[in-house]
Amino acid sequence: MPTAAGHRGPLNVSIEEKWRAPPRLFDLPALQKTCGQRWSWTADKTLLVAQELYDGDGKKLITYPRAEARYLSENQISDVPAIVAALTRLRGFTQLEIAPPVIPRGKSGHFCDRALEGVSHHAIVPNVNVLDDLETRLARLSEDEKRLFALLCRSYLAAVMPDYEYRQTVVTMSVPVPENAAAEFRAVGRIPLRLGWKAVYQAIDPDVEAEAEQTLPSLSDGETAILSEPRVEAKRTQPPPRYNEGTLVDAMQNAWRFVEDAALRERLKEAKGIGTPATRAEIIKGLKRQNLLAADGKLVLPTPAGLQLFELLRGAAPALVDPGTTALWEMHLDEVVTGRADFRAVIDGIAAVALELINALLGRSSGMVDLTLSTPGLRSGRRRPGRGAGSPTKGSKPVRGHRGTKAGQARPTRKHVAPATRVSEEADKPRPTAPTAKMVAYAQSLARGKKVTPPKGYERDFKACRRFLTSTGGRTN
């Protein structure tokens, strides 16, 4: 920038003393996210290592790992001195001075009973009951277990240490340019005043937590300076980053961010998203097992089969890919809890919607994803239409179906992705779909109990079997 080079003018200097509170303690999703980012651990690996620290033979070093809150109860304040004393005797923490510990209460702190209302498990922290023989237990740990335990120890110690304090200097200079009235050049520098909780991270892993703080010379407001070596940097916006397993778990927990309706956003936020801390890792494993997600280094990506299935769902049953649907069903269940709705009516309503969605998928599956119902043994080994040249290659994994909640609801037992350009002529011909073996057995049981005769061919025709179950009042329990 030739116009700016060598410009002489006054500086605007602002100096503030600021502070930063310690990070929150870990719940399971936050732990999975951190381990994924730092060590490329999968969500399942993080849970398995944490579970071993919790109930492994001779270990039991941490509290319950499937935690759903990042707070501790106020009655755990009495444990702080003992835990701090034990941890600061461990190598890597001995140089820390935490006397006395800081006890931040309330939702802005770490000890808060109100924040734990309706929550089953508090944050994950070292177990106060095993401090007497801590060294012996640590000797039994694997390298991964030691790494995770150290992370949880530093999180606890940081939570009871003082804030990080620093002095921030912001310097600006206004430079006239032909195209605009003025352009502002800016520089920011920070000087640590008190490390506080950051000392625990720098003591153990300085490379991870150290910040590249720019230092500035002593400056005063209004001081004249010369602008040297100005430069223009060409930049471009970046798309949102791909998910790793840790950030995917975080997105599942905070699925409300992807919902536009304000009421549904709030309800999904209260429900803490999709799944629970105990099930999210298993959901990801299931998607991998069904060939819908695949690992790509540190990242997880949708497979071609996953993308095809998503497009089918989005076109035929968009509610299934809308996180707001979870919020709606949570609201219906709230009505049951508060006595405003009968639980049978709510369950039947959800089951009816599920059946409609399945039927919509069956009607749209031709040429993309085969969602045809089948029960082994009912077709006498006949070749299914659509198989052959366009069928999955050997070794490909089937996409699992979903269980129904009503006796008349279908359960897809196997489905496979077939290229849209290789569909046999028979795939478009209507054909009766067989009910599941459980539906047939249930229909037979109802027929015996009510002393009625099922319709002809009910064991081969899903619709006929469903009509019979509906007419006889069949329902799953």
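So, here is what we can say about the structure in this document. Quick caveat: nothing in here was measured; it's all calculated off a predicted structure. (Residues numbered from 1 in each chain as written. Predicted model: local features only at pLDDT ≥ 70, side-chain atom pairs only at ≥ 80, totals over all residues. Heavy atoms only, no water.)

**Regarding the overall build of the protein chain**
Helices and strands together make up the secondary structure of the protein chain, namely 15 helices and 9 strands. Residues counted as buried form 40% of the 477 residues belonging to the protein chain. Once local pairs closer than 6 in sequence are excluded, the contacts in the protein chain between residues at least 24 apart make up 75%. On the protein chain, roughly 27,200 Å² of surface is accessible, and the fraction owed to carbon and sulfur atoms is 51%. (Helix = DSSP H or I, 4+ residues; strand = E, 2+ residues; numbered from the N terminus. Buried < 20%, exposed > 50% of the residue type's maximum accessible area, 1.4 Å probe, protein only. Contact = heavy atoms within 4.5 Å. Areas by Shrake-Rupley, 256 points an atom, 1.4 Å probe, with all protein chains shown as cover.)

**Overview of the sheet that holds strand 3 (residues 164-175)**
The strand order across the open sheet built from 3 strands is 2-3-4, with neighbouring strands paired in antiparallel fashion. Looking at strand neighbours, the two that pair on one side only are strand 2 (12-20) and strand 4 (183-194), the edges of this open sheet. Within the sheet, the average angular offset between the axes of one strand and its neighbour, ignoring direction, is 20°. The pairing of strand 2 with strand 3 spans 9 bridges and is classified as antiparallel. What sits directly across from Lys18, in strand 3, is Tyr166. (Pairing = 2+ DSSP bridges. Axes fitted to C-alpha atoms, helices over the stretch in contact; angles between N-to-C directions.)

**Some remarks on the pairing of strand 6 (residues 293-296)**
The pairing of strand 6 with strand 7 (residues 299-302) spans 4 bridges and is classified as antiparallel. Paired with Leu293 across the bridge in strand 7 is Pro302. The hairpin turn running from strand 6 into strand 7, its antiparallel successor, is 2 residues long, and Gly297 in that turn takes a positive phi close to 65°.

**A closer look at the side chain of Gln253**
Summarising the element assignment, Gln253 is placed in helix 8 (residues 245-253). Excluding residues that lie within four positions of it along the chain, Gln253 makes contacts with Asp27, Pro29, Lys272, Gly273 and Arg280.

**Quick word on the environment of Leu31**
Here Leu31 shows up in helix 1 (residues 28-39). Between the C-alpha atom of Leu31 and that of Ala50, which follows or precedes it by 19 residues, the distance is 9.3 Å. Contact partners of Leu31, with chain neighbours within four places excluded, come to Phe26, Thr46, Ala50, Ile124, Leu148, Leu151 and Leu152.

**Considerations on the packing of aromatic side chains**
Counted by the stated rule, this structure contains 4 aromatic pairs. Pairing Trp39 with Trp41 gives two aromatic rings, centres 4.9 Å apart and planes at 50°, and the pair type is tilted. The class of Trp39 is partly exposed, set by a relative accessible area of 22%. We classify Trp41 as buried; its relative accessible area is 5%. Plain terms: the ring middles of Tyr54 and Tyr64 are 5.6 Å apart, the flat faces sit at 85° to each other, and that makes the pair edge-to-face. Taken together, the residues Tyr54 in helix 2 (residues 43-55) and Tyr64 in the loop between helix 2 and helix 3 (80-87) connect sequence positions 10 residues apart. (Phe/Tyr/Trp six-rings, centres within 6.5 Å; stacked < 30°, edge-to-face > 60°.)

**A short note on helix 5 (residues 143-159)**
With 17 residues, helix 5 extends 25 Å from end C-alpha to end C-alpha; this agrees with the ideal 24 Å at 1.5 Å per step. The buried fraction of helix 5 is high, at 12 of 17 residues. (Expected span 1.5 Å × (residues − 1).)

**Re helix 10 (residues 280-289)**
By the burial criterion, the buried members of helix 10 are Arg280, Ala281, Ile284 and Gly286. Elements that come into contact with the buried residues of helix 10 comprise helix 1, helix 2, helix 8 and strand 6. Backbone geometry just downstream of helix 10 places Asn291 in the positive-phi region, at approximately 65°.

**A short note on the packing of helix 9 (residues 262-270) against helix 12 (residues 323-337)**
At a minimum axis separation of 8 Å, helix 9 and helix 12 run at an interaxial angle of 75°. On the basis of the axis angle, helix 9 is roughly perpendicular to helix 12. Residues Leu264, Arg267 and Leu268 of helix 9 lie in contact with helix 12, whose contacting residues are Pro323, Gly324, Thr326, Ala327, Leu328, Glu330, Met331 and Asp334. When the residues that make up the contact of helix 9 with helix 12 are grouped by side-chain class, the tally is 6 nonpolar, 2 polar and 3 charged. (Parallel < 35°, antiparallel > 145°, perpendicular 65-115°, else oblique. Nonpolar A, V, L, I, M, F, W, Y, C, P; charged D, E, K, R; others polar.)

**A few points about the environment of Asp461**
Mapped onto the secondary structure, Asp461 falls in the loop between helix 14 (437-450) and helix 15 (462-471). For Asp461, a relative accessible area of 25% gives the class partly exposed. C-alpha of Asp461 to C-alpha of Val440: the two residues are 21 residues apart in sequence and 10.0 Å apart in space.

**Focus: the side chain of Arg267**
The topology assignment puts Arg267 in helix 9. Using a relative accessible area of 12% as the deciding quantity, one classes Arg267 as buried. Within the local environment of Arg267, its side chain forms a polar contact with the side chain of Glu330, the two groups lying 3.4 Å apart. Setting aside chain neighbours within four positions, we find Arg267 in contact with Ala327, Glu330, Met331 and Asp334. (Polar contact = N/O pair within 3.5 Å; in protein donor to acceptor, adjacent residues only side chain to side chain.)

**Observations regarding unusual backbone geometry**
Here the residue pair Ala99 and Pro100 is connected by a cis peptide bond, since its omega of -10° sits within 30 degrees of zero. Residues other than glycine seldom take positive phi values, yet Asn291 does so here, at roughly 65°. Note that Asn291 resides in the loop between helix 10 and strand 6. When its relative accessible area of 29% is taken as the criterion, Asn291 is described as partly exposed.

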